[in-house]
Amino acid sequence: MSEPLVEFDDVLTRYEPVIGLETHVELGTESKMFCGCTTAFGAEPNTQTCPVCLGLPGSLPVANAAAVESTIRIGLALGCRIASWSRFARKNYFYPDIPKGFQTSQYDEPLCTAGHLDVEVDGETYRVEIERVHLEEDTGKNLHVGGATGRIHGAEYSLVDFNRAGIPLVEIVTRPVAGAGAKAPEVARAYVTELREIIQTLGASDVRMEQGSLRCDVNTSLAPVGSLEWGTRTETKNVNSLRSVERAVRYEMRRQAAVLDAGGRIVQETRHFHEDTGSTSPGRSKEEATDYRYFPEPDLVPLAPDAEWVEKLAAGLPELPAARRARLREEWGLSATEMAWLVNAGALGVVEGTVAAGASPADARKWWLGELARRANDAGVELTALPVTPRQVAELSALVAEGTVNDQLARQALDGVLAGEGDPRAVVESRGLAVLGESDELVAAVDVAIAGAPDVVAKVQGGKVQALGALVGAVMKATRGKADAATVRRMLEERVLGS
Ligand SMILES: Nc1ncnc2c1ncn2[C@@H]1O[C@H](COP(=O)(O)OP(=O)(O)OP(=O)(O)O)[C@@H](O)[C@H]1O
Ligand SMILES: [Mg+2]
Ligand SMILES: [Mg+2]
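Looking at an unreviewed UniProt entry, one finds the protein chain named Aspartyl/glutamyl-tRNA(Asn/Gln) amidotransferase subunit B, with Geodermatophilus saharensis as its source organism. Taken from UniProt, the Sequence similarities (unreviewed entry) comment for the protein chain reads in full: "Belongs to the GatB/GatE family. GatB subfamily."

*Asks:* Looking at this structure, I do not really get the overall build of the protein chain. What am I missing?
*Replies:* Scanning the protein chain from terminus to terminus reveals 16 helices and 15 strands. Taken over the C-alpha trace, the protein chain has a radius of gyration of 31 Å; the compact-globule value for 499 residues is 23 Å, which it surpasses by more than 25%. Judged by the C-alpha coordinates and their principal axes, the protein chain covers about 100 × 55 × 50 Å. Burial status across the protein chain gives 45% buried among its 499 residues. In the protein chain, the proportion of contacts linking residues at least 24 apart, taken out of those at least 6 apart, comes to 69%. Accessible surface, the protein chain as shown: approximately 24,300 Å² in total, 51% of it carbon and sulfur. Side chains of the protein chain carry 52 positive and 71 negative charges; the gap between the two charge centres is 2 Å.

*Asks:* Mind showing me how you'd approach helix α14 (residues 454-461) here?
*Replies:* Note: α-helices contain 3.6 residues per turn, so residues at a spacing of three or four share the same orientation. Residues V456, V457 and V460 constitute the buried set of α14. The buried residues of α14 occupy an angular sector of 100 degrees when projected down its axis, which confines them to one face. What points out from α14, more than 90 degrees from its buried face, is the exposed set P454 and D455. Considering only its buried residues, α14 is in contact with α13 (440-452), α15 (468-478) and α16 (485-496). Looking one or two residues beyond α14, the residue adopting positive phi is G463, at roughly 115 degrees.

*Asks:* Just to check I follow, could you spell out the domain arrangement of the protein chain for this structure?
*Replies:* A common way to state how big an interface is: give the accessible area lost once the parts meet. Split by domain assignment, the protein chain resolves into domain 1 (8-314), domain 2 (321-403) and domain 3 (440-496). Its C-alpha centre places domain 1 at a distance of 35 Å from the equivalent point of domain 2.

*Asks:* What exactly am I supposed to notice about the coordination of the magnesium ion (ligand 3) here?
*Replies:* Ideal geometry at a metal gives 109.5 degrees between four tetrahedral donors and either 90 or 180 degrees between six octahedral ones. Distances from the magnesium ion (ligand 3) to its protein donors, E22 (OE) and E171 (OE), fall at 2.0 to 2.1 Å. A separation of 3.4 Å is found between the magnesium ion (ligand 3) and the magnesium ion (ligand 2), which are bridged by E22. Note that E22 is positioned in strand β1 (residues 15-26) and E171 in strand β9 (residues 168-174), a separation of 149 residues in sequence. E171 gets classed as buried once you look at its relative accessible area, which sits at 6%.

*Asks:* Honestly, the sheet that holds strand β3 (residues 89-92) in this entry has me stumped. Any pointers?
*Replies:* Strand pairing in a sheet is mediated by backbone hydrogen bonds. Such pairs are either parallel or antiparallel. Taken together, the 3 strands give an open sheet; going across it, the order is β4-β3-β15, and neighbouring strands pair in antiparallel fashion. The open sheet terminates on both sides in strands that have one partner only, identified here as β4 (102-105) and β15 (295-296).

*Asks:* Please explain the nonpolar core as it appears in this structure.
*Replies:* If you look at soluble globular proteins, the nonpolar side chains tend to sit buried side by side. Among the nonpolar cores identified, the biggest contains 69 residues, and I74, L78, V133, L135, I172, Y191 and V192 are the most heavily contacted of them. Those residues in contact with L78 that lie beyond four places of it in its chain are G115, H116, L117, I130, V133, I172, L195 and I198. Formed by 31 residues, the second largest nonpolar core is a distinct cluster that contains A364, L383, L386 and A413.

*Asks:* I tried to follow unusual backbone geometry on my own but got confused; where do I start?
*Replies:* Most peptide bonds are trans, and most residues other than glycine sit at a negative phi. Phi is positive for N46, close to 60 degrees, though the residue is something other than glycine. Along the polypeptide, N46 turns up in the loop between β1 and α2 (65-77). For N46, a relative accessible area of 34% translates into the label partly exposed. Positive phi is not limited to glycine here, since D122 has a value of about 50 degrees. Since its relative accessible area comes to 60%, D122 is described here as exposed.

*Asks:* Before we go on, may I ask you to explain the state of the cysteines in this structure?
*Replies:* Among covalent bonds in proteins, the disulfide is the one between the sulfur atoms of two cysteines. According to the stated counting rule, one finds 0 disulfides in the structure shown. We note that C35 lacks a disulfide partner, and the nearest cysteine sulfur, in C50, lies 3.7 Å from it. Summary of cysteine pairing: C37 is not part of a disulfide, and the nearest cysteine sulfur, belonging to C50, is at 3.7 Å.

*Asks:* So what exactly am I meant to see when it comes to the packing of aromatic side chains here?
*Replies:* What characterises a pair of aromatic rings is the spacing of the ring centres plus the angle enclosed by the ring planes. Applying the stated criterion across every chain, the model contains 4 aromatic pairs. Here the aromatic rings of Y93 and Y292 are separated by 5.8 Å at their centres, their planes lie at 65 degrees, and the arrangement is edge-to-face. Of this pair, Y93 sits in the loop between β3 and β4 while Y292 sits in the loop between β14 (279-285) and β15, placing them 199 residues apart in sequence. Here Y107 and Y294 contribute two aromatic rings whose centre-to-centre distance is 3.8 Å and whose plane-to-plane angle is 5 degrees, an arrangement assigned as stacked.

*Asks:* I'm lost on the environment of G146 in this one. Help?
*Replies:* Among the secondary structure elements, G146 is positioned in the loop between β7 (141-145) and β8 (157-161). According to the relative accessible area criterion, G146 is partly exposed, its value standing at 31%. Separated by 69 residues in the primary sequence, G146 and A77 place their C-alpha atoms 45 Å from one another.

*Asks:* What is the right way to look at the site of ligand 1 in this model?
*Replies:* Lining the immediate environment of ligand 1, one finds 20 residues, of which K91, T174, P176, S221 and R233 sit closest. One of the side-chain nitrogen or oxygen atoms of E22 is found 3.0 Å away from an oxygen atom of ligand 1. A distance of 3.1 Å separates a nitrogen atom of ligand 1 from a polar atom in the backbone of G231. Starting from 640 Å² of accessible surface for ligand 1 in isolation, the protein chains cover 82%.

*Asks:* Got a minute to help me understand the side chain of N219 in this structure?
*Replies:* Within the fold, N219 resides in strand β11 (residues 214-224). With a relative accessible area of 6%, N219 lands in the buried category. Among the polar contacts made by the side chain of N219, one reaches the side chain of R233 at a distance of 2.7 Å. Sequence-distant contacts of N219, defined by excluding residues within four places in its chain, comprise V18, I19, G20, E22, R233, T234 and E235.

*Asks:* What's the story with the UniProt feature "domain: Asn/Gln amidotransferase" (unreviewed entry) in the protein chain in this structure? I'm lost.
*Replies:* The positions that UniProt labels "domain: Asn/Gln amidotransferase" (unreviewed entry) are, in the present scheme, residues 349-496. Strand forms 0% of residues 349-496 and helix 70%; the C-alpha atoms that close the span are 51 Å apart.

*Asks:* Before we go on, may I ask you to explain the environment of P4 in this structure?
*Replies:* Positionally, P4 belongs in the segment before α1 (8-14). Judged by relative accessible area, which is 60%, P4 ranks as exposed. Counting along the chain gives 115 residues from P4 to V119, while the straight-line C-alpha distance between them is 32 Å. Setting aside residues up to four positions removed in sequence, P4 forms contacts with R254, R255 and A258.

Conventions we followed
The residue count restarts for each chain, going from 1 along the sequence in the order it is written. As a convention, the first chain written is A and the first ligand written is 1, with the rest following in written order. Per-residue local features are limited, in this predicted model, to residues with pLDDT of at least 70; the limit for side-chain atom pairs, both in listing and counting, is 80 or more; totals at the level of whole chains, interfaces and linings are taken over all residues. Excluded from the side-chain calculations are hydrogens and water; all other atoms, namely the structure's heavy atoms, are used. UniProt positions are given in the numbering used here, feature names are shortened, and annotations may be inferred rather than shown by experiment. Think of it this way: any DSSP run of H or I at least four residues long counts as a helix, any run of E at least two long counts as a strand, and we number them from the N terminus. With the radius of gyration taken over C-alpha atoms, the globule rule is written as 2.2 Å times the number of residues to the power 0.38. Accessible area is worked out with a 1.4 Å probe on protein chains only. A residue is then buried under 20% of its type maximum, exposed over 50%, and partly exposed in between. Contacts are assigned to residue pairs with any non-hydrogen atoms lying within 4.5 Å of each other. Note on areas: Shrake-Rupley, 1.4 Å probe, and residue coverage restricted to the protein chains presented here. Charged residues are defined narrowly, with Lys and Arg counted positive, Asp and Glu counted negative, and His plus the chain ends left uncounted. Taken as the charge centre is NZ of Lys, CZ of Arg, CG of Asp or CD of Glu, depending on the residue. To be clear, the arc concerns the directions from the helix axis to the C-beta atoms. Where each domain starts and ends follows an automatic or database-derived domain assignment. Here a donor is an N, O or S atom found within 2.8 Å of the metal, or within 3.2 Å if the metal is Na, K or Ca; sites may look incomplete because water is not among the atoms. We call two strands paired when DSSP finds no fewer than two bridges between them. Residue types Ala, Val, Leu, Ile, Met, Phe, Trp, Tyr and Cys, when buried and joined through side-chain atoms within 4.5 Å, form a set referred to as a nonpolar core. By definition, disulfides here are pairs of cysteine sulfur atoms that lie within 2.5 Å. Aromatic pairing here means that ring centres of Phe, Tyr or Trp (its six-membered ring) are within 6.5 Å. Orientation follows from the plane angle: under 30 degrees is stacked, over 60 is edge-to-face, and everything else is tilted. Throughout this document, a residue counts as near a molecule or strand when at least one of its heavy atoms sits within 4 Å of that molecule or strand. Counted as a polar contact is a pair of N or O atoms within 3.5 Å, where, for protein atoms, one must be capable of donating a hydrogen and the other of accepting one, and residues adjacent in sequence contribute only when both atoms are in side chains.

The structure is reproduced here in structure tokens:
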């Protein structure tokens, strides 16, 4: 189904976009949220269930302390206020993948509230306010089988796998973000990117979007420029790549503008994102919170994290990505653009590894942002996909620093490394790339150059010292770049000028 779309730039002439992100993260705890079943991914369907996560009558849940701890740490990393008293609630709705007929979630008493996350897009900082971070449980998975199309409506029957039901799920909800204008799609993506990196740094989840351990619902609305009221949002569900987050916002902006231009109204609904076309299509019209008949979960005691524990968790937080980037920029002397480029290339780790393996930050930066970036670009691959390790790059720069090779020979050694010939030192050996010292071979080459150019020698001796360059060049050529130019120059001076 193709819908009318307004050109992206054209949208901004009449409308202001507002975005909001709900991110669900499956926590990497050993066991499920309210029972002892394992959370391991990829097992045979329905082999990781018990009466609690199947919602059998009479079974009683117990909250997983490790999941509560992870949620608080995520809240702390986002600068949230941590509640001293918090409760679970039942979110009632009927769907085959929720065995209990309700999802145990948090409603008006979440664990964490009022945080923020700053993200950078094209050198501008955007503050994304966090409304709340709460703990809930994941649903099971419906599998639609058979039928002409294999899709939900064409399926002959559906199966349900409850292995995922009850896995701890943290939901991080932003407040509406206005004022990003044309950058709204990129701000949405930058936010999810940064959030994902924070959670990864905390070790709270493996945050694999393609496996669904991090999933994003992307809310988008448009309001006429200058309007005091926000427009009606649509909610694009379960967007499962960073690129898709950006595309979903972009598409919804263009689609909604066309609806509004034609005098239509946006209905509050969920929408599905289609990777292949980058478009969205309608899902179900959205329940209001009242439709869920939320009420406090009677089977679980309230959570009351004590202040001392929360303080201890705060003190134990690792260095977060933004702080790490700021520190490395300082230590490595990178410009903001260089840092942004490295982050984008996912290459912070390889540069860090090169420094850790003994290279100076200046050398590590020179190799990765210079020669290696060029090679990756020429080969049309990611920088980190080049078949060279940080340790090998450090070895290359050590070979240059100790004078075994010059820059040109080092690049030839890199050729060998990339061709799979082994470590740099081994390649220097096997390809015979070491710089020539004041060896018999070099003395001979110097003598040949002098004998072959009496006119140049006469010029130099007559006072035109700069003419010596021609002789240096001849020696370098004769030794195929393996000589050290400064050594050659000194040897020539000794012989021609007797100094
Ligand atoms: N006018 C708007 N335009 C864009 N985003 C909005 C707008 N109003 C609210 N939002 C965003 O929509 C999201 C709503 O998420 P929230 O979890 O509060 O409710 P929900 O989507 O109705 O519930 P559920 O968790 O059941 O999906 C928030 O991120 C919020 O910032
Ligand atoms: Mg939602
Ligand atoms: Mg939500």
